[in-house]
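Structural overview
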Amino acid sequence: MPRTLPPKPRRWRAAGVSISMVVPAVLIYAALLVVPVIYAIYYSFTEYNGFPTRVPEFIGLDNYRTVFGSDDMTGTMAVTAVVAVVGAVAVNAAALGLALLLKRTNRFNTFGRVVMFYPHVLSALIVGFLWQAILGPQGVVNTMLEKVGTDSLPFLSDPDWALWSMILVIVWSLFGVQLILYLAGLQAVPEDLLEAAKLDGAGRWHTFRAVTWPSLASTVTVAVITSGISLLKTYDVVVSLTGGGPAGSTKTLAYSILAVSFPQRNIGVASAQAVLLILAAAVLSLTVLFLRRRAENDAESIG
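Residues numbered from 1 in each chain as written. Predicted model: local features only at pLDDT ≥ 70, side-chain atom pairs only at ≥ 80, totals over all residues. Heavy atoms only, no water.

Moving on, we come to the nonpolar core. Within the largest apolar cluster, 46 residues are counted, with the highest numbers of intra-cluster contacts made by V83, M166, V169, I170, Y182, L231 and L241. Here I170 is in contact with V83, L231, T234 and V237, once residues within four sequence places are set aside. (Core = buried A, V, L, I, M, F, W, Y, C linked by side-chain atoms within 4.5 Å. Buried < 20%, exposed > 50% of the residue type's maximum accessible area, 1.4 Å probe, protein only. Contact = heavy atoms within 4.5 Å.)

Below, the structure is given as structure tokens:
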């Protein structure tokens, strides 16, 4: 009689099913993210104008020398760093503060959550045009100031004012998502610890510092990383609000890649800028994770 193979153990079949479900996701991830990054790295070492008939010419690190050797490029990277760092701090501080105010569930807070999240629903281009109509030289604010006999303010016409005005607009448009993250994190704070802090006579600030803030560690990490990466990629608001001006004071790296380098057919320079942007996002993420791990180790050593 022919020998029949024993049936595969159930755990093997489960492993086979899980692998078959993971493989398509991995392939999609590689096709949409890994492959474009590899191409960007390759083109960053070449001179290429993007035409299919032109073969990319390998030029080594010349594109990176162009990026770092140009005052305009270094200024753009400085603006990007300011937007990412200041914007991440501001958006997370605003979102956490509002989350603490809106954490109780009632009709007013539910309405407040919807209103606060609404700016994120709008397209970033629409946000820029909206605030252009509010803060522009002939915008609502300056028109009202002129009617009451006060000089208009250079929100978008002065380099310093324009940068901080743009950061304010970006923070306004982004903090809705961070607000939802912090609200979810606050719901996970153990109630017994909060009650114990109240019984010990701890005030609101001491309770927040000793109980709420440590419980939000993972939420803060996710919120800072996601907001920081979003700010590094700022492009739409720049296009519709300031157009990179005045005098390049609001030109970010993403704007330089998409609105300057690519239209000029400088694919190699644009790719080098994109690689630097990817590295900046990686450094930001690793720095936040390192600081969180260090804080956890310090807390354990003290405890």
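The subject of this paragraph is the pattern of salt bridges. By the definition in use, this model includes two salt bridges. For D62, the salt bridge is made with R65, and the minimal N-O distance between the two is 2.7 Å. Placement of both D62 and R65 in helix α2 (residues 62-69) is noted, with a separation of three residues, approximately one turn of the helix. Accessibility expressed as a relative area gives 52% for R65, which makes it exposed. Between D72 and K251 there is a salt bridge, and its shortest N-O distance comes to 2.8 Å. One end of the pair, D72, is in helix α3 (residues 71-102); the other, K251, is in the loop between α11 (236-241) and α12 (253-261), with 179 residues separating them in the sequence. The class of K251 is buried, set by a relative accessible area of 12%. (Salt bridge = Lys/Arg side-chain N within 4 Å of Asp/Glu carboxyl O. Helix = DSSP H or I, 4+ residues; strand = E, 2+ residues; numbered from the N terminus.)

Moving on: the packing of helix α8 (residues 191-199) against helix α9 (residues 204-215). Running from amino to carboxyl end, α8 crosses α9 at an angle of 155°, the nearest separation of the two axes being 10 Å. With respect to α9, the element α8 is oriented roughly antiparallel. Crossing handedness for the pair α8 and α9: right-handed. Facing L193, L194 and A197 of α8, the residues of α9 in contact are T207, V211 and T212. Of the residues assigned to the contact of α8 with α9, the class counts are four nonpolar, two polar and no charged. (Axes fitted to C-alpha atoms, helices over the stretch in contact; angles between N-to-C directions. Parallel < 35°, antiparallel > 145°, perpendicular 65-115°, else oblique. Left-handed = near helix turned anticlockwise from the far one by under 90°. Nonpolar A, V, L, I, M, F, W, Y, C, P; charged D, E, K, R; others polar.)

On to the packing of aromatic side chains. What the rule picks out here adds up to nine aromatic pairs. Taking 6.0 Å as the distance between ring centres and 45° as the angle between the ring planes, the aromatic pair formed by F208 and W213 counts as tilted. Judged by relative accessible area, which is 16%, F208 ranks as buried. W213 sits in the partly exposed class, given a relative accessible area of 40%. With centroids separated by 6.2 Å and ring planes inclined at 35°, the aromatic side chains of Y235 and Y255 adopt a geometry described as tilted. (Phe/Tyr/Trp six-rings, centres within 6.5 Å; stacked < 30°, edge-to-face > 60°.)

Geometrically, a packed helix pair is captured by the angle between its two axes and the distance between the axes. For the pair helix α5 (residues 124-135) and helix α6 (residues 140-147), the least separation of the axes is 4 Å and the interaxial angle reads 10°. Here α6 runs roughly parallel to α5, going by the angle between their axes. Packed against α5, whose contacting residues are A133, I134 and L135, the element α6 presents V140, V141 and N142 at the interface. Partitioned by chemical class, the residues of the contact of α5 with α6 number five nonpolar, one polar and no charged.

A few words now on the side chain of T80. Position of T80 relative to the elements: it lies in helix α3. Of the polar contacts made by the side chain of T80, one reaches the backbone nitrogen of L253; its length is 2.8 Å. Setting aside anything within four residues of it in sequence, one finds T80 in contact with L232, T252 and L253. (Polar contact = N/O pair within 3.5 Å; in protein donor to acceptor, adjacent residues only side chain to side chain.)

Cis geometry is adopted by the peptide bond preceding P246, which originates at G245 and carries an omega value of -5°. Even without glycine at this site, A247 takes up a positive phi of about 55°. Inspection of the secondary structure puts A247 in the loop between α11 and α12. Its relative accessible area of 81% is what places A247 among the exposed residues. Even without being glycine, R265 reaches a positive phi, approximately 65°. Structurally, R265 can be placed in the loop between α12 and α13 (267-302). For R265, a relative accessible area of 35% corresponds to the partly exposed category.

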